[in-house]
Amino acid sequence: MDYFIKNIVSLLKEKIDLPEDEIKRLLEIPPDFKMGDYAFPCYSLSKTLKKSPNAIAGELAQAIPVDKPIEAVRAVGPYINFFLDKATRAKTVLKTIFEERDGYGHADVGKGKTVVIDFSSPNIAKHLGVHHLRSALIGNAICNIYKTLGYPCVGINHLGDWGTQFGQLIVAYKKWGSENAHASYTVADLNNLYVRFHQEAEKIPGLEDEARAWFKKLEAGDTEANELWQHFKDISLKEFQKIYDMLGIHFDAFVGESFYNTMVEDTITRIKEKGLSRVSEQALIVDLEPYKMPPCLLRKKDDTTLYATRDIAAAEYRKKTYDFDRMIYVVGSEQKLHFNQFFKVLELMGHDWARRCVHVDFGLMKFKDGKMSTRKGKVILLEDLLIEAVERIGKIIEEKNPSLENKETVARDVGIGAVIFADLSTKRNKDVVFDWDEVLNFEGETGPYVQYTHARLCSILRKYWKPVTADIRFELLKEDETTILIKNLGQFPQIILKAAEFYEPSLICNYLIDVCGSLNRFYNAHRVLSDDEELTKARILLVDATRQVIKNGLNILGMQAPEQM
Ligand code: ARG
């Protein structure tokens with residue numbers, strides 16, 4: 001428990017008859033810092049004490065002894081407001097950051113509780129979609145958030161590499177594929193084959209049946225089908241990997257839907273044995289009518305399995321393999337029903353851990369000018385989007401700071417960071433509107449702004465050049481702007497916990513924007529480097545702590561923190 005909260009809880013405990021946990025739960029943070037650091041509402045005491053909450057607050061505020069780390073206790077209406085001693089807070093917060101450094105914000109609440117995170121999960125033989133990018137960025141941030149809290153995390157890319165569409169692709173490839181040189185095949189070529197298949201299927205009767213037959217062959221392990229499929233998969237993975245490398249995203253496993261092909265039969269057998277399934281119009285389904293959902297389709301009438309069947313098998317396999325405490329699926333909101341359905345089937349199968357499977361959904365990414373504004377055309381090619389971000393930032397650097405060292409690296413870190421921050425800073429279930437001018441604006445609530453603030457702090461520290469020390473006179477850090485900044489910095493561990501609880505990286509983005517705002521207000525009001533040696537030392541420690549917190553926050557989001565830009 002936070003040092004200050006512990007203190008306040010024990011002071012209150014002496015005066016009121018409530019368990020410690022309950023007191024802690026009731027403790028609030030007032031909206032305005034002028035109202036104190038913590039506030040205790042007295043409503044819940046009113047019944048037992050038979051007095052109005054206001055009267056209780058008044059009496060208790062009088063009775064509570066004022067001693068460090070508390071500076072004052074005041075009653076305001078039904079609340080008892082606690083004001084912390086500024087120097088004690090400055091010392092506690094800044095010393096902790098100074099000592100923990102890159103580890104500030106880390107906790108061990110997740111020790112031994114494995115979290116499996118299924119994210120990005122694109123479909124092979126197609127370009128990585130914008131929703132796969134969003135899933136990659138949100139999933140990666142959630143992974144980092146949980147790791148920071150001590151949870152062992154397993155990041156899985158559940159590739160869409162199975163299904164009837166691969167039968168279609170095989171047919172198309174065999175018929176028209178040789179028109180293109182084998183070795184130089186790209187995802188775009190595969191995509192074109194799909195399109196061609198659908199065009200021709202309208203004219204050529206029997207083409208669809210041919211495709212279904214090929215997928216059946218694939219499921220049955222046919223060599224030719226499998227070789228072609230592997231070829232498509234290799235081409236796709238190469239393209240995906242390029243994008244993940246640009247984003248600095250790593251997966252512990254690339255295990256696609258195909259992997260579960262050999263397990264689905266066993267899963268279906270157990271579902272049947274439990275009496276959960278029935279045949280309807282020649283397909284095998286689990287009726288979910290009692291739960292007000294359409295049926296979950298397990299097997300089509302041509303005997304091939306489906307997306308949901310493979311997800312059920314995958315969930316069971318992952319439970320067996322990782323014994324997870326929680327499994328998180330980062331997938332767009334449009335698949336809500338799919339997740340509700342197969343989570344329900346898992347529950348009906350008797351898996352009590354089904355309740356610990358979570359669908360972390362998110363909205364769409366829209367582009368301000370309708371589609372997408374890369375110069376190359378209308379299709380959203382993510383690689384182009386990222387390259388364009390880096391190029392645009394490169395141009396800005398060239399204008400503003402042409403002599404900067406490592407220009408290319410900085411442009412990449414800031415360009416990619418801008419896209420990441422733009423994606424993550426909106427509450428995840430809302431749609432994101434992507435607008436180049438906003439995303440790259442160094443003065444807006446953007447990635448470049450946060451990174452630039454970090455670089456400015458680094459530059460102050462370079463100017464100071466002496467080593468930073470925590471051996472300072474903390475009582476010198478007393479002005480309002482200073483106090484607010486310190487308070488902000490002290491909230492970081494709480495913010496991470498909250499971001500984990502709600503699977504919401506945007507909380508960290510908002511927090512970083514707040515910290516940058518507080519820092520700028522502090523910096524505009526007070527000189528850091530002055531002739532007053534003691535004061536300079538104290539403010540430098542604050543600058544260094546702010547730099548550290550911004551860096552840690554950016555890293556959790558999956559962004560770099562350049563020291564110069
Ligand atoms: N490949 C799917 C799609 O693009 C997403 C897979 C998400 N993960 C899962 N276990 N269903 O829609």
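Calculation rules
Residues numbered from 1 in each chain as written. Predicted model: local features only at pLDDT ≥ 70, side-chain atom pairs only at ≥ 80, totals over all residues. Heavy atoms only, no water. 1 Å grid on protein atoms, 1.4 Å probe; cavity = no way out; pocket = protein on both sides within 12 Å on 5 of 7 lines; lining within 4 Å. Points joined across faces, edges and corners; volume = space filled by probe spheres on them. Helix = DSSP H or I, 4+ residues; strand = E, 2+ residues; numbered from the N terminus. Nonpolar A, V, L, I, M, F, W, Y, C, P; charged D, E, K, R; others polar. Buried < 20%, exposed > 50% of the residue type's maximum accessible area, 1.4 Å probe, protein only. Pairing = 2+ DSSP bridges. Contact = heavy atoms within 4.5 Å. Polar contact = N/O pair within 3.5 Å; in protein donor to acceptor, adjacent residues only side chain to side chain. Phe/Tyr/Trp six-rings, centres within 6.5 Å; stacked < 30°, edge-to-face > 60°. Lys NZ or Arg CZ within 6 Å of the ring centre and 35° of its normal. Core = buried A, V, L, I, M, F, W, Y, C linked by side-chain atoms within 4.5 Å.

Participant: What am I meant to see in the layout of surface pockets here?
Facilitator: Space inside the largest pocket adds up to approximately 890 Å³. Lining the largest pocket are 31 residues, and of these Asp2, Tyr3, Gly490, Pro493 and Gln494 sit closest to its centre. Of all the elements in the fold, those that place two or more residues in the lining of the largest pocket are helix H1 (3–15), helix H2 (20–26), helix H5 (86–100), helix H18 (480–490) and helix H19 (492–501). Looking at the lining of the largest pocket element by element, the count peaks at five residues for H5. In terms of residue class, the lining of the largest pocket is made up of 15 nonpolar, seven polar and nine charged. If you add up the space inside the second largest pocket, you get close to 570 Å³. Around the second largest pocket, the lining comprises 17 residues; the ones closest to its centre are Gln494, Ile495, Leu497, Lys498 and Leu507. Broken down by secondary-structure element, the contributors of at least two residues to the lining of the second largest pocket are H19 and helix H20 (506–525). The leading source of residues in the lining of the second largest pocket is H19, at six residues.

Participant: I would appreciate a short explanation of the pairing of strand S8 (residues 283–286) in the present structure.
Facilitator: Every regular strand shows the same layout, with side chains that alternate between the two sheet faces. Neither face of S8 is open: one carries Ala283 and Ile285, the other Leu284 and Val286, and all of them are buried. Taken together, the four bridges between strand S7 (residues 277–280) and S8 define a ladder with antiparallel strand orientation. Directly across from valine 279, in S8, lies its bridge partner leucine 284. Counted between consecutive antiparallel strands, the loop separating S7 from S8 contains two residues, among which glutamate 281 sits at a positive phi close to 50°. Bridge count for S8 against strand S9 (residues 296–299) is three bridges, and the pairing is antiparallel. When the sheet's bridge partners are listed, isoleucine 285 is paired in S9 with leucine 297.

Participant: Looking at this structure, I do not really get the environment of threonine 469. What am I missing?
Facilitator: Mapped onto the elements of the fold, threonine 469 is located in the loop between helix H17 (447–464) and H18. Overall, threonine 469 belongs to the partly exposed group, its relative accessible area being 25%. Separated by 374 residues in the primary sequence, threonine 469 and lysine 95 have C-alpha atoms spaced 9.4 Å apart. Setting aside its immediate chain neighbours within four residues, threonine 469 contacts Phe98, Lys537 and Leu541. For threonine 469, the side chain forms a polar contact with the main-chain nitrogen of aspartate 471, separated by 2.8 Å.

Participant: What's the story with unusual backbone geometry in this structure? I'm lost.
Facilitator: It is generally the case that most residues other than glycine have a negative phi and that most peptide bonds are trans. A cis geometry characterises the amide bond from lysine 68 onward to proline 69, with omega recorded as 5°. Residue position: proline 69 is located in the loop between helix H4 (53–63) and strand S2 (70–76). Of note, lysine 292 is a non-glycine position whose phi angle comes to about 60°, a positive value. Relative to the elements of secondary structure, lysine 292 occurs in the loop between S8 and S9.

Participant: Hey, could you run me through empty space enclosed by the protein in this one?
Facilitator: Think of a ball as big as a water molecule: rolled over the atoms, this probe shows where empty space is left. A full pass over the atoms with the stated rule returns one cavity of 30 Å³ or more. In this structure, the largest cavity encloses a volume near 40 Å³. Together, Ile97, Phe98, Arg101, Leu541, Asp544, Ala545 and Gln548 line the largest cavity. Counting residues per element, the ones that place at least two in the lining of the largest cavity are H5 and helix H21 (533–557).

Participant: Looking at this model, I keep getting lost on the packing of aromatic side chains. Mind explaining?
Facilitator: Scanning the entire structure with this criterion turns up 27 aromatic pairs. Ring geometry for tyrosine 329 versus phenylalanine 339: centroids 5.0 Å apart, planes at 50°, classification tilted. Placement of the pair is tyrosine 329 in strand S10 (residues 326–330) and phenylalanine 339 in helix H13 (residues 336–348), with a sequence separation of ten residues. With a relative accessible area of 1%, tyrosine 329 lands in the buried category. A network of ring pairs unites the aromatic residues Phe119, Tyr244, Phe251 and Phe254 as a single cluster. Sitting above the plane of the phenylalanine 324 ring, lysine 319 keeps its charged end 4.9 Å from the centroid. One Lys or Arg, lysine 466, reaches over the ring of tryptophan 465 and ends 5.9 Å from the middle of that ring.

Participant: What's the story with the side chain of lysine 487 in this structure? I'm lost.
Facilitator: Tracing the backbone shows lysine 487 in helix H18. Those residues in contact with lysine 487 that sit more than four places away from it in its chain are Phe33, Gly36, Asp37 and Arg89.

Participant: Is there a simple way to think about the nonpolar core in this case?
Facilitator: Leu94, Tyr146, Ile328, Val450 and Leu489 are the most contacted members of the largest nonpolar core, which has 133 residues in total. No other element matches H21, which puts twelve residues into this core. When sequence neighbours within four positions are dropped, the list of residues in contact with valine 450 reads Phe421, Leu512, Ile513, Cys516, Ile550 and Leu554. Among the nonpolar cores identified, the runner-up in size contains 34 residues, and Met293, Ala314, Phe339 and Ala354 belong to it.

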